[in-house]
Amino acid sequence: MGYVAIAGTLQGIPQDVITRDNARLMEAHLADYDALAARLDRIGLDIEDIVAKIMTLEVGLPSWGLVTGGTRFSRYPLAGEPNNIFEKIEDCAVVQQLAGLTPRMSLHFPWDKADDYIALRQYAEAHGLGFDAINSNTFQDQKDQKRSYKFGSLSHSHPATRQQAVEHNLECIEIGRKLGSKALTVWVGDGSNFPGQSEFTDSLERYLDSMRVVYAGLPDDWRLLIEHKMFEPAFYSTVVQDWGTSILCAQTLGEKAQCLVDLGHHAQGVNIEMIVARLAQFGKLGGFHFNDSKYGDDDLDSGSINPFQLFLVFNELVYAEKRAKGRFRPAYMMDQSHNVTDPMESLLNSARAIAGAYAKALIVDRAALKAYQADNDVIMAHNCLRLAFETDVRAALAMARVRKGGAIDPIACYRASSYRALKAETRKFDPYLHGGIV
């Protein structure tokens with residue numbers, strides 16, 4: 001493409017649009033901020049410390065989340081959607097510009113293949129973005145692919161198919177090196193749909209044999225993130241079905257292998273926050289994919305269904321961060337499918353929900369909580385969490401965004417900018433575009 005990065009950051013929304021919208025809301029925002037500061041001061045917390053911590057939170061954006069998702073029944077594309085990875089970068093840059101906590105993208109291959117990865121990296125850097133974990137795809141058959149993944153990939157019964165899947169993951173590592181990424185995320189749909197279709201033990205052994213080759217191809221400063229999922233597309237069994245299998249695989253492969261938790265990849269009723277605590281306790285929590293669900297792996301907007309669960313997850317993440325004393329660095333990312341909303345608005349809403357859950361976890365009175373736990377005072381221990389969860393921290397989130405040049409009200413500012421309408425005029429509308437989850 002021949003693109004050369006320029007000095008400064010290219011802005012998808014003119015800064016004066018953000019400035020004008022913030023001016024409209026600033027008086028009420030400062031009043032709310034002062035009220036929250038007084039509220040936190042009464043319990044011995046400095047709001048400036050909380051805002052400073054919020055400003056350190058970074059969550060990756062999924063490249064596939066910038067186009068309209070869908071179901072096996074249908075997909076309803078949106079005018080102005082990105083048609084390629086460069087246009088996805090433009091949209092991600094706007095989300096980062098407004099929300100201020102999403103400075104990196106997570107790419108998925110071969111969905112995001114490009115002719116020139118150096119040019120791609122320069123284009124992202126010019127828009128103020130870097131790249132998070134690289135995601136490999138061996139759960140779909142691609143055009144001109146020699147061997148099908150219908151019956152598995154890294155655990156397939158045929159060595160040639162396993163080799164094809166291994167080579168794809170090694171290719172993803174090489175692409176990631178060019179882009180400046182430091183991690184490879186591997187999720188496989190391998191499994192079975194009928195009892196007797198495959199042998200549980202043999203499938204896992206083949207998976208581990210394949211992953212050993214992938215692991216050996218990692219650069220020294222990289223991590224291998226193993227993502228488990230209970231079901232789908234295999235509906236009787238999956239090879240890496242839960243966090244137990246995931247941590248066993250990570251421990252088998254080595255220190256650079258860690259586990260990745262996706263909120264939607266569990267049976268209903270599973271205590272996901274406890275899984276987070278267990279993996280963090282043993283140094284194997286490598287990453288977390290944020291989304292929400294009502295029935296299964298719905299990939300709904302973060303915090304849209306069960307915000308208390310999101311807060312409880314962050315309560316464990318914050319505690320793990322304190323215990324690790326600087327050695328805890330999970331890769332956070334949104335993994336969502338936006339079927340009926342503007343994807344950028346959903347990502348902005350999710351950014352606020354994630355940052356809000358983090359902020360609430362930061363204001364938990366941990367000294368009091370420990371004391372109540374030691375005394376087996378169940379109600380007061382529970383109320384320590386409830387008090388933090390019920391605190392309105394929106395003013396602190398808005399201040400963190402403003403100090404990063406973002407918007408007090410990101411969605412209102414996004415709509416005021418007419419960004420989507422402008423892109424609809426310049427981007428080709430493809431009703432058959434498939435760029436992500438369907």
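Residues numbered from 1 in each chain as written. Predicted model: local features only at pLDDT ≥ 70, side-chain atom pairs only at ≥ 80, totals over all residues. Heavy atoms only, no water.

1. Details of helix H12 (residues 378-389)
Right, on to step 1. Its twelve residues place the ends of H12 17 Å apart at the C-alpha level, agreeing with the 16 Å of an ideal helix rising 1.5 Å per residue.
Right, on to step 2. Burial in H12 covers these residues: Ala381, Cys384, Leu385, Ala388 and Phe389. All buried residues of H12 lie within an arc of 130° about the axis, which places them on one face of the element.
Right, on to step 3. In the core, the buried residues of H12 are packed alongside helix H9 (307-324), helix H10 (343-362) and helix H11 (366-374). (Helix = DSSP H or I, 4+ residues; strand = E, 2+ residues; numbered from the N terminus. Expected span 1.5 Å × (residues − 1). Buried < 20%, exposed > 50% of the residue type's maximum accessible area, 1.4 Å probe, protein only. Arc of directions from axis to C-beta. Contact = heavy atoms within 4.5 Å.)

2. Thoughts on the pairing of strand E12 (residues 331-334)
Right, on to step 1. Residues Ala331 and Met333 of E12 are buried on one face, and the alternating residues Tyr332 and Met334, pointing to the opposite face, are buried as well.
Right, on to step 2. For strand E11 (residues 285-290) and E12, the ladder comprises four bridges, and the chain directions are parallel. When the sheet's bridge partners are listed, Phe288 is paired in E12 with Tyr332. (Pairing = 2+ DSSP bridges.)

3. Quick look at the sheet that holds strand E4 (residues 130-131)
Right, on to step 1. Pairing in this open sheet of three strands is parallel, and the strands run E1-E2-E4 from one edge to the other. Of all the strands in the sheet, the pair left with one neighbour each is strand E1 (61-62) and E4.
Right, on to step 2. Bridge count between E1 and strand E2 (residues 104-106): two bridges; the pairing is parallel. Of the residues in E2, the one forming a bridge with Pro62 is Ser106.

4. Section: the packing of helix H4 (residues 117-126) against helix H5 (residues 159-179)
Right, on to step 1. Taken N-terminus to C-terminus, the directions of H4 and H5 make an angle of 45°; their axes are 8 Å apart at the nearest point. By the angle between their axes, H4 is oblique relative to H5. Considering the relative orientation of H4 and H5, their crossing is right-handed. Only Ile175, Arg177, Lys178 and Leu179 of H5 make contact with H4, whose side of the interface consists of Tyr117, Ile118, Leu120 and Arg121. (Axes fitted to C-alpha atoms, helices over the stretch in contact; angles between N-to-C directions. Parallel < 35°, antiparallel > 145°, perpendicular 65-115°, else oblique. Left-handed = near helix turned anticlockwise from the far one by under 90°.)

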